[in-house]
Amino acid sequence: MVPYITSKLTPFIYNDFMRPIIGQQKSAFDVRDVMDNQKILLLKLSKGKIGDLNAYLIGMVLVGKILMAALARGDQAKEERKDFYLYIDEFQNFLTESISAILSEARKYGLDLIIAHQFIGQLEETPEIRDAIFGNVGTMCVNRVGVEDAEFLAKEFAPVFTEYDLVNVERFTFNMKLLIDNQVSRPFNMSPIMARRPDDKKLANMIRDLSRYKYGRQRALVDAEIKDRGESTLAGIEGDKI
């Protein structure tokens, strides 16, 4: 069994980007601490920079860790569980069973999920997750969609909006079905407040640098640690053979 298992890990062990991340023995941050103390965790998974497989692996691991941290809140009283909001953009890239579990079970543990994607066809390969989404999501924000998606979503927004209304939404507006106190509101069209980007990015850069110094580690130190651990393991194996 060992060669079979190690063959699956080889692409990540020899990946210069992934090895320092998954090769560390201790995580730089605690997801449960982030969740309970209302901290902000930003995870940028650019396929162009780190590759499709790396982005999927890291996203899958972090979504799973967030789910486990939420379920571990069972040791807290319900009134002590502070809401934690998990935003996933282009979430079709991270479709796992963890998403279904978050949708169906994590709400009572204070984990709130906001997911965004382009069209329903991206979910066709995982119909069970698609059904979990439309079966559990209470609030829907729908911008202008294609004909196929409009045909599917018209049932969700009937009788207020038809397929024609969903296809011809005015720009910078969207149709919304809002969940209020566990009751679904009458669908309506709204125009969001456009956030104004700050002209000065000095504060943002300072926060990023502070986070990097507090939680980051020098790559050279991580590589050296992994190398030393590997050499120690090989030395132990050779000693056993002798």
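Our structure's up above, just so we're on the same page.
Anyway, here's the lowdown on the structure attached to this text.

Definitions and cut-offs
Along every chain, residues carry numbers that run from 1 in the direction the sequence is written. Side-chain atom pairs in this predicted model are given and counted only at pLDDT of 80 or more, local residue features only at pLDDT of at least 70, and totals for whole chains, interfaces and linings cover all residues. Side-chain calculation: all heavy atoms of the structure are included, whereas hydrogens and water are not. Only rings of Phe, Tyr and Trp enter the pairing, Trp through its six-membered ring, and a pair is recorded when the two centres are within 6.5 Å. The plane angle decides the type: under 30 degrees is stacked, over 60 is edge-to-face, the rest tilted. A run of H or I in DSSP counts as a helix once it spans at least four residues, and a run of E counts as a strand once it spans at least two, with each numbered from the N terminus. For this analysis, a salt bridge means a side-chain nitrogen from Lys or Arg found within 4 Å of a carboxyl oxygen belonging to Asp or Glu. Exposure classes here rest on a 1.4 Å probe applied to the protein chains alone. A residue is buried below 20% of its type maximum, exposed above 50%, and partly exposed in between. Definition of nonpolar core: a set of buried residues of the types Ala, Val, Leu, Ile, Met, Phe, Trp, Tyr and Cys, connected through side-chain atoms within 4.5 Å. Contact definition: two residues touch when any of their heavy atoms are within 4.5 Å. When we speak of the arc, we mean the arc of directions from the helix axis to the C-beta atoms. Computed over the protein atoms alone on a 1 Å grid, cavities are sets of points where a 1.4 Å probe fits but cannot get out and pockets are open sets with protein on both sides within 12 Å along at least five of seven lines; a residue lines them when it has an atom within 4 Å of a point. Grid points are joined across faces, edges and corners, and a volume is the space filled by probe spheres set on the points. Basically, the charged four are Asp, Glu, Lys and Arg, the nonpolar ten are Ala, Val, Leu, Ile, Met, Phe, Trp, Tyr, Cys and Pro, and anything else, Gly included, counts as polar. Whenever two N or O atoms come within 3.5 Å, that pair is a polar contact, provided that in protein one can donate a hydrogen and the other can accept it, and provided that, for residues adjacent in sequence, both atoms are side-chain atoms. Each pair of strands is called paired provided DSSP finds at least two bridges between the two strands.

Here we take up the packing of aromatic side chains. Considering all chains together, one arrives at 2 aromatic pairs under this definition. Geometrically, the ring pair formed by F134 and F152 is edge-to-face, given 4.9 Å between the ring centres and 65° between the ring planes. A residue pair is termed long-range when its members are at least 10 positions apart, and F134 in helix α7 (residues 127-136) and F152 in helix α8 (residues 147-157) qualify at 18 residues.

If you walk through the whole model with that rule in mind, you get 10 salt bridges. Where R73 meets D36, a salt bridge forms, and the shortest distance between an N and an O atom there is 3.1 Å. You can see R73 sitting in the loop between α5 (52-71) and β1 (84-89) and its partner D36 sitting in helix α3 (residues 31-36), a full 37 residues away along the chain. Of the residues examined, R73 reaches a relative accessible area of 0% and is grouped as buried. Close ionic contact of R217 with E225 constitutes a salt bridge, the shortest N to O distance being 3.3 Å. In this structure E225 comes out as partly exposed when scored by relative accessible area, which is 26%. It is possible to trace a salt-bridge network through shared partners that takes in R32, D36, R73 and D75.

Below, the discussion takes up the nonpolar core. M35, I66, I88, I102 and L111 are the most contacted members of the largest nonpolar core, which totals 25 residues. Only α3, α5, β1, α6 (97-105) and α7 provide two or more residues apiece to this core. Of the residues forming this core, the biggest block, 5 residues, is contributed by α5. Beyond its immediate chain neighbours, meaning those up to four positions away, I88 contacts V63, F94, I99, L113, I114, I115 and A116. Core analysis: the second largest hydrophobic core is formed by 11 residues, M140, V142, A150 and A154 among them.

On to α8. Turning to α8, its buried residues are D149, A150, L153, A154 and F157. The arc enclosing the buried residues of α8, seen along the axis, measures out at 140°, which places them on a common side. Residues E148 and K155 are exposed on α8 and point more than 90 degrees away from its buried face. Of the surrounding elements, those touching the buried residues of α8 are α7, β3 (140-142), α9 (163-167) and β4 (174-177).

On to the layout of surface pockets. Size it by volume and the largest pocket reaches roughly 2200 Å³. If you trace the largest pocket, you find 42 residues lining it, with F29, L42, L43, Y215 and G216 closest to the centre. Counting residues per element, the lining of the largest pocket draws most heavily on helix α10 (residues 202-215), at 9 residues. The class makeup of the residues in the lining of the largest pocket is 24 nonpolar, 6 polar and 12 charged. Considering the residues around the second largest pocket, the lining is formed by 33 residues, among which I115, V137, T139, M140 and C141 are closest to the centre. For the lining of the second largest pocket, the secondary structure elements donating two or more residues are β1, α6, β2 (111-116), α7, β3 and α8. No other element matches the 6 residues that β2 contributes to the lining of the second largest pocket. For the lining of the second largest pocket, the per-class residue count stands at 22 nonpolar, 6 polar and 5 charged.

Its relative accessible area of 18% is what places D36 among the buried residues. Within the local environment of D36, its side chain forms a polar contact with the side chain of R32, the two groups lying 2.6 Å apart. Of the polar contacts made by the side chain of D36, one reaches the side chain of R73; its length is 3.1 Å. With sequence-adjacent residues up to four places away left out, D36 is seen in contact with R73, Q76 and K82.

Moving on to the pairing of β4. Burial along β4 is two-sided: the face carrying F174 and M176 and the face carrying N175 and K177 are both buried. Across 3 bridges, the pairing between β4 and strand β7 (residues 188-190) is antiparallel. Counterpart to M176 in the pairing with β7 is F188.

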